[in-house]
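Chain by chain, the residues:
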Amino acid sequence: MTRPERVLLDYGSGGLASQRLVSELFLAAFDNPELSRLNDAAVLDISGPVAVSTDSFTVDPIFFPGGDIGSLAVHGTVNDVAMLGAVPKYLTCGFIIEEGLPMADLERVVASMAAAAKQAGVAVVTGDTKVVPRGAADKLFINTTGIGEIVAQPAPSADLAASGDAVLVTGTMGDHGLTILAQREGLDFQAQVESDSAALNHLILRLIEEIPQVHVLRDPTRGGLATTLGEIAISSSMGILVEEADMPVREAVRSGCSFLGLDPLYLANEGKFICILPEEHADKALEIMRADPLGAEARRIGSVTEEHPGKVVMRTPMGGKRLLGMLEGEQLPRIC
Amino acid sequence: MDLFSDFRDPELCRSLLEQAREACADGLRFMEVCGTHTVSIFQSGLHSLLPDGVVHLTGPGCPVCVTHESEVAAYLQAAGMDGVILATFGDLMKVPGPGGASLKSAQAEGARVKVVYSPTDALKLASDNPDDTVVFIGVGFETTAPGMAATVKMARAQGVENFKVLSFHKLVPPALRALLAGGEVDIDAFILPGHVSAVIGVEPYRFLADEFGVPSVAAGFEPADILQGLIMLAGMRKAGRAEVANQYTRVVTETGNAKALALMDEVFDSSDALWRGIGEIPGSGLRFADTWAEFDALAALGLELPEAKPLPGCRCGEVLKGLITPAQCPLFKTKCTPASPVGPCMVSNEGSCAAYFKYDMEAA
């Protein structure tokens, strides 16, 4: 039977139309024995301690340079699990689909999710599909929950940042956030910007296997680097001093942000992480990161200090110091 | 020369900082009149490096901050009207109006509000929604008014009749005159706004030196620009001269941008305007010339600027006049924070209270 060109409410009915969608699209794409059993729940082969994370993806537009809502839904959750020093193994996946979504768009998203899951080495073991009337959702929302086995002991945690630790990032800041903003608003920058969306779990596993002393791993997603560092400073009751001159920001992102009056350090990233670890391991960590294409532009940006506990301070190239606060609400472009 | 990176060069900046420290050894109370300068001085760390005796005051140069309570009340009224889509620059979304409502809260209650990046985006919104009236909130200084004028001309050329503008534009030179003529302000010198000056040139500021004896420099926004501007101001002061000088020669000319000025002149007439914290300033606003009156949203929607009182306890007016620094306001960081702003100086990214709250190590 040929599929209609658009998603119909029937596909969320739980009846035969739903079953056809599940078997012909989702089972085919996410192909694995556990999912194929189509039981009410999945039986997982996993040993503790276990890391679990869930996230919902409502990105607009659903396709953007460097990715789409499907790959993002895999990368985002895989990364959240990996940041606990865990090996992500399984994903669950819930779709909320707006009636009328072109079937080709759904197929493209599902194919992209399947490819991202395969690359990350995780299996989508259970899922759910709802179709809501046109206007009740914006095209497509995806929820993913990730489950992984924690291998780092102790698991990296924001409250473990210690005085004297080095603060590293794996690459440039703000690429994803500016790409989405530019696409959503139809802004045309001279230089191309592209999302950095990627699964970081393989790189993180190499890092924690070689350097078990890693104190903190965090991916600076919404709120950006500045907000995530602020959260770490508060959790650990430590100060963080960063060097503005060492902040990696692509020139296209810098100039796009300058045009809009935005700060790249507050824009979301989906393929970068912050690593805080004892100073003596910093060079080795950078070496491991730079050996991977996802960390090729890794660098050290600062240190953890006992000064200004709970705050992030940025030293400017001129030698002045200023606070690097956390994002309040959303960044809004300025008038002039 | 790279127009951005070279003016941020740390070596150049450090050298200029040393020169500025020497030049300003006798102290200097300077006011900048542009939100972008405010942010640049804080973001570059320059605020923390200025020597004792150099006092940095921020003037009425943040377009959001000077938007009067009555104007906020008027656009909030427009936001609640049936068939109206309100188009606005993002900065205005959180500005609290009388009673604490904002465009954000109006949007949550169902008002159709759309953040746009340029007036032409708002015009496109009008073309795309022919059954609605798209009202653009025309806030800003001489920097944004020419673009507004060009957009209105475009609307007429395209026959887009459902595009209207609340013209709350303001002009900088009359405000500076009012500040100085008021006699309250205690400053030695002005750093003049670079973007506004790119449009109007430096000529319209001559009165600052000629009538009031206040040295003034139109300066760019990079740390090196600002430092050079301070050195120029200190030099004039030391020599007992008052001049209006141009540091930002790569962008600003003596007489400004003739094309932009002609656009403004064609579409707008100058008018009296309300400034938050300052009050009515003669000739400091722009209203539509009679021949362009069909774009006037106030008339089209039957709105008048309502009477609106300043927010209780808010001292944004004194901050805008440089009479107090943000930390001297009793609401600063107590009742007034970026999460819960009382006054617009805490709302706008370019407001002085927000800048002190976000960047200043001592105020925090």
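### Let's talk about the sheet that holds strand β7 (residues 189-192) of chain B
Residue and element names in this part refer to chain B.
Argument step 1. Sheet architecture is open: five strands sit in the order β2-β1-β7-β8-β9, paired in parallel fashion. Each edge of the open sheet is held by one strand with a lone partner, namely β2 (54-58) and β9 (244-246). Each adjacent strand pair in this sheet contributes to an overall mean axis angle of 20 degrees, direction not counted.
Argument step 2. Pairing of β7 with strand β8 (residues 216-218) involves three bridges; the strand directions are parallel. Of the residues in β8, the one forming a bridge with F190 is S216.

### Overview of the side chain of S197 of chain A
Residue and element names in this part refer to chain A.
Argument step 1. Looking at the secondary structure, you find S197 in the loop between α5 (175-185) and α6 (201-210).
Argument step 2. Within the local environment of S197, its side chain forms a polar contact with the side chain of H75, the two groups lying 2.7 Å apart.
Argument step 3. Non-local contacts of S197, meaning those with residues more than four positions away in its chain, are made with G66, S71, L72, H75, E270 and G271.

### Concerning the side chain of S40 of chain B
Residue and element names in this part refer to chain B.
Argument step 1. Of note, S40 is situated in helix α2 (residues 35-43).
Argument step 2. Separated by 2.5 Å, the side chain of S40 and the backbone oxygen of F221 make a polar contact.
Argument step 3. Residue contacts for S40: discarding those within four places in its chain leaves F221 and I226.

### Re the sheet that holds strand β12 (residues 312-315) of chain A
Residue and element names in this part refer to chain A.
Argument step 1. Reading across the sheet, the seven strands line up as β8-β10-β7-β11-β9-β12-β13 and stay open at both edges, with mixed pairing between neighbours. Every interior strand has two partners, whereas the edge strands, β8 (216-218) and β13 (321-323), have only one. On average, each strand axis in the sheet is inclined to that of its neighbour by 25 degrees, with strand direction left out of account.
Argument step 2. Here four bridges tie strand β9 (residues 239-243) to strand β11 (residues 299-305), and the two strands are oriented antiparallel to one another. If you follow L241 over to β11, its bridge partner there is S303.

### Remarks on the packing of helix α3 (residues 69-82) of chain A against helix α4 (residues 103-120) of chain A
Residue and element names in this part refer to chain A.
Argument step 1. Between α3 and α4, whose axes approach to 6 Å, the crossing angle comes to 30 degrees. Considering the angle they form, α3 stands roughly parallel to α4. Judged by the sense of rotation from one axis to the other, the crossing of α3 with α4 is right-handed. Between α3 and α4, the residues in contact are I69, G70, S71, A73, V74, H75 and V78 and V109, S112, M113, A116, A117 and A120, respectively.

### Some thoughts on the interface of chain B and chain A
Argument step 1. Every contact between the two is made by 40 residues of chain B and, on the other side, 27 residues of chain A.
Argument step 2. Overall, the association of chain B and chain A removes approximately 2,700 Å² of surface from exposure, summing both partners, and the carbon and sulfur fraction of that is 63%.
Argument step 3. Of all residues in chain B, the largest losses of buried area upon contact with chain A belong to Q43, Y117 and M361 of chain B, amounting jointly to 24% of the total for that side.
Argument step 4. Across the contact surface, chain B and chain A share zero salt bridges.
Argument step 5. Going through the elements one at a time, α1 (10-23), α2, α3 (46-49), β4 (112-115), α11 (223-238) and α16 (352-359) of chain B are the ones with two or more residues in the side of chain B that touches chain A.

### Some details on helix α8 (residues 251-260) of chain A
Residues and elements named next belong to chain A.
Argument step 1. Regarding α8, the residues found buried are A252, V253, G256, C257 and L260. The buried side chains of α8 occupy one side of the element, clustering within an arc of 125 degrees when seen end-on. Opposite the buried face of α8, by more than 90 degrees, sit the exposed residues E251 and F259.
Argument step 2. In the segment just after α8, G261 is the residue with positive phi, at about 75 degrees.

### A closer look at the packing of aromatic side chains
Argument step 1. The final tally for this structure, using the stated rule, is eleven aromatic pairs over all chains.
Argument step 2. Ring geometry for F332 of chain B versus F357 of chain B: centroids 6.3 Å apart, planes at 80 degrees, classification edge-to-face. Of this pair, F332 of chain B sits in the loop between α14 (316-320) and α15 (344-347) while F357 of chain B sits in helix α16, and the two are 25 residues apart along the sequence.
Argument step 3. Counting every residue linked through ring pairs, the aromatic cluster contains F26, F30 and F95 of chain A.
Argument step 4. The ring of W292 of chain B carries the charged tip of R156 of chain B above its face, separated from the ring centre by 3.8 Å.
Argument step 5. Against the face of F207 of chain B rests R177 of chain B, its NZ or CZ located 4.4 Å from the ring centre.

### Some thoughts on unusual backbone geometry
Of all residues except glycine, most have a negative phi; of all peptide bonds, most are trans.
Residue and element names in this part refer to chain A.
Argument step 1. With omega at 5 degrees, the peptide bond leading from D60 into P61 counts as cis.
Argument step 2. Of note, the phi angle at S237 is positive, near 55 degrees, even though the residue is not glycine.
Argument step 3. Of note, S237 is situated in the loop between α7 (224-236) and β9.

Cut-off values and rules
- Residues numbered from 1 in each chain as written.
- Chains lettered and ligands numbered in written order.
- Predicted model: local features only at pLDDT ≥ 70, side-chain atom pairs only at ≥ 80, totals over all residues.
- Heavy atoms only, no water.
- Pairing = 2+ DSSP bridges.
- Helix = DSSP H or I, 4+ residues; strand = E, 2+ residues; numbered from the N terminus.
- Axes fitted to C-alpha atoms, helices over the stretch in contact; angles between N-to-C directions.
- Polar contact = N/O pair within 3.5 Å; in protein donor to acceptor, adjacent residues only side chain to side chain.
- Contact = heavy atoms within 4.5 Å.
- Parallel < 35°, antiparallel > 145°, perpendicular 65-115°, else oblique.
- Left-handed = near helix turned anticlockwise from the far one by under 90°.
- Buried area = accessible area lost by both parts, 1.4 Å probe.
- Salt bridge = Lys/Arg side-chain N within 4 Å of Asp/Glu carboxyl O.
- Buried < 20%, exposed > 50% of the residue type's maximum accessible area, 1.4 Å probe, protein only.
- Arc of directions from axis to C-beta.
- Phe/Tyr/Trp six-rings, centres within 6.5 Å; stacked < 30°, edge-to-face > 60°.
- Lys NZ or Arg CZ within 6 Å of the ring centre and 35° of its normal.

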